[in-house]
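Descriptive analysis of the structure
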Amino acid sequence: MNSILDRRTFVRLASAAAALFTQSARPQAAPAQAQTPARPAPVPIPRGGRRAPAVSGRKNFVGIQVRGFAWVDEGIDQVLDNLQNKGGVNTVWAYTFAYGEQRLRTGAGFPDHGKPLTDANTGVNAGALYDYDQKYFQNTGIKDFRLTGYGKFNVIEQVAPKAKARGMDFFAWDLNNPSPTLAHTSPNYAAAGEVDLNGRPTTNPCFNNPDYRAYLNGKIESLLIGYAGEVDGIAWGCERMGPLNGMIVGGGNATCFCQFCRAKARDLGISVPRAQAGYRELGQLFRSTPEQVPDGYFSTFWRILLRYPEILSWESLWTDSFQGAQAELYGLAKAIAPQKPFGFHLMQSMTFSPFYRAEEDYTQRRNYSDFFKIATYNNAGGPRMAAYLTSLSRGIFHDATPQDFTELYYKIMNYHEAPFDQLASAGLSPDYVAKETKRALIGVAGQTKIYPGIDIDVPVLGAGPAANDKRTHPDDVKAALHAAFDAGADGVVLSREYVEMWLANLTAAGDALKEIFAQQAAKA
């Protein structure tokens, strides 16, 4: 009998299934004193089989992320006019779920369109921006999470038909960052939160919590089944990292030590008490003064890792759970609508942190994603990278200043950017966009589309921009777009949000895209 799946589809679904079944695997426990990080076994690659229908996808893909309040404040037709006519956008990434959104304040960050934050609209809105059938959430207690701050506005029913009438695709943008707002407004969301090192609950949902996993699955079903004719694809995101990544920059509180993570650790033979002890020592190290660390911070950090290999095991447990949940969602989406693209947003920290980069392995991630949107925000990237280097000097590299190790850092990451003292004002170069695009393309080896995120007025975040921080100009947008496509990108996502963009910069993107696509057509 001939297989109905081609080789690529089988491998991806098998990888997703392996990640799911790994959650309940029970390998023989190893001795508690020396644990190594546990990883799922590789999935065999089958041969032969009949080719299934290919995932649908646009040539010259141009996406953009649009907040819910943009449609409400500016009007659907006006927003679509700006996206299509000024920005050359052909795929709308509409927020179908908001973990917490608020209108922008007037000032330097507020662009020349939209409505600013006022006393009448100060609330933070969180939840689904569409109506959903409760039947998709029968297996979870997290059922009531409809956003009500915009009245009865349903972004799928009201935007998708108008976008399609213009020849544009409609992608559901499902961004699942932790939501303190939803923890207060949605019953049972808070109950799925992680537990920190000291036994305190947090508002960061745990990816080993079956209630939360069922909730994430239910959202995918509600989009692909409930709105089968409107939703053309799903972009899924969650900007989180494991506990060690937070510790090495001198902050963070190790998680998760809930009942489900503890049970998983025991199944994998990881000593929970020793993992906790190791993370406590790390926390104490980075709270210590130089006088209290005579051997230096890095050497002492390494000594703690040698003493407690469970630290790395716990980091791997967290990361495998996080990525396993994503593989499960991908497998579910492919089972429902195999031709519709399902892909992931990868946050910018993956391009800054050599430690986090090691965990986001394209050669593995490509098996359960149709595309990656990588956050290559080069203008805001200058101040953001400077902040990251400063945080390293408060943690694992506390023995030195950022000025001391920036050149070594560039060599490690294969970057050639401005000296540390000029980094925030210079931003990152278009070469940063090109290098990250090429690195991703090499990693996915043609299996997965790569869509770099093009910086158009992306904010700095944290304490906010300083007076001399790099701002976006039209020429910056054009240079980044040329760098992405010259590097071989399959498309781009104009980033971060439409509501943050000045129209002159959005127009510059549209002009550059016309030029780039015309050149491509001439060479074809």
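Residues numbered from 1 in each chain as written. Predicted model: local features only at pLDDT ≥ 70, side-chain atom pairs only at ≥ 80, totals over all residues. Heavy atoms only, no water.

1. Describing the overall build of the chain
Counting secondary structure elements, the chain contains 20 helices and eleven strands. By residue count, 57% of the 524 residues in the chain fall in the buried class. Of the contacts formed within the chain by residues at least 6 apart in sequence, a portion of 79% connects residues at least 24 apart. Carbon and sulfur atoms make up 54% of the accessible area of the chain, which totals about 21700 Å². (Helix = DSSP H or I, 4+ residues; strand = E, 2+ residues; numbered from the N terminus. Buried < 20%, exposed > 50% of the residue type's maximum accessible area, 1.4 Å probe, protein only. Contact = heavy atoms within 4.5 Å. Areas by Shrake-Rupley, 256 points an atom, 1.4 Å probe, with all protein chains shown as cover.)

2. Topic: the state of the cysteines
Linking two cysteines covalently via their sulfur atoms produces the bond known as a disulfide. If you walk through the whole model with that rule in mind, you get zero disulfides. Left without a disulfide partner, cysteine 256 is nearest to the cysteine sulfur of cysteine 258, which lies 3.5 Å away. (Disulfide = S-S within 2.5 Å.)

3. What about the pairing of strand E2 (residues 91–101)?
Within E2, ten of the eleven residues are buried, which leaves the element mostly enclosed by the surrounding structure. Inspection of the sheet shows strand E1 (residues 61–66) paired to E2 by four bridges, in the parallel sense. Counted as the bridge partner of isoleucine 64 is valine 92 from E2. Bridge count between E2 and strand E4 (residues 169–175): six bridges; the pairing is parallel. The partner of tryptophan 93 across the bridge, within E4, is phenylalanine 171. (Pairing = 2+ DSSP bridges.)

4. Some words on the pattern of salt bridges
Tallying each qualifying case throughout the model produces 22 salt bridges. Among the salt bridges present, the one from aspartate 73 reaches arginine 103, with a minimum N-O distance of 2.7 Å. Remark: arginine 103 occurs in the loop between E2 and strand E3 (125–128) and aspartate 73 occurs in helix H2 (residues 68–74); sequence separation between them is 30 residues. Arginine 103 shares its class with aspartate 73; the two are buried. Lysine 435 is the partner of aspartate 431 in a salt bridge, and the nearest nitrogen-oxygen pair spans 3.4 Å. Taken as a pair, aspartate 431 and lysine 435 lie in helix H18 (residues 430–444) at a separation of four residues, close to a single helical turn. Salt bridges linked by common partners bring Arg67, Glu101 and Glu497 together as one network. (Salt bridge = Lys/Arg side-chain N within 4 Å of Asp/Glu carboxyl O.)

5. Some thoughts on the confidence of the model for the chain
Mean pLDDT over the chain works out to 90, with 89% of the residues at or above the 70 mark. In this model residues 1–5 is a low-confidence stretch, pLDDT under 50, and it forms nine contacts with partners more than four residues away in sequence or in other chains. Considering only residues more than four positions removed or in separate chains, one finds that residues 18–53, a stretch of pLDDT under 50, has 62 contacts. (pLDDT = per-residue confidence, 0-100.)

6. Concerning the packing of helix H6 (residues 210–224) against helix H11 (residues 310–336)
Angle between the axes and distance between the axes are the two parameters that describe a pair of packed helices. Where H6 meets H11, the axes come as close as 10 Å, and the angle between the chain directions of the two elements is 30 degrees. The pairing of H6 with H11 is recorded here as roughly parallel in orientation. In this structure, H6 meets H11 at a crossing whose hand is right-handed. Contacts from Arg213, Leu216, Asn217, Ile220, Glu221 and Leu224 of H6 reach H11 at Ser321, Gly324, Ala325, Glu328, Leu329, Leu332, Ala333 and Ile336. Considering only residue class, the contact of H6 with H11 consists of eight nonpolar, three polar and three charged. (Axes fitted to C-alpha atoms, helices over the stretch in contact; angles between N-to-C directions. Parallel < 35°, antiparallel > 145°, perpendicular 65-115°, else oblique. Left-handed = near helix turned anticlockwise from the far one by under 90°. Nonpolar A, V, L, I, M, F, W, Y, C, P; charged D, E, K, R; others polar.)

7. Points about the environment of leucine 423
You can see leucine 423 is positioned in helix H17 (residues 420–426). Of the residues examined, leucine 423 reaches a relative accessible area of 0% and is grouped as buried. Considering only alpha carbons, one finds leucine 423 and lysine 470, 47 residues apart in sequence, at a separation of 8.7 Å. Excluding anything up to four places from it in sequence, leucine 423 contacts Gly382, Pro383, Met385, Ala386, Leu389, Tyr410, Glu417, Ala418 and Leu428.

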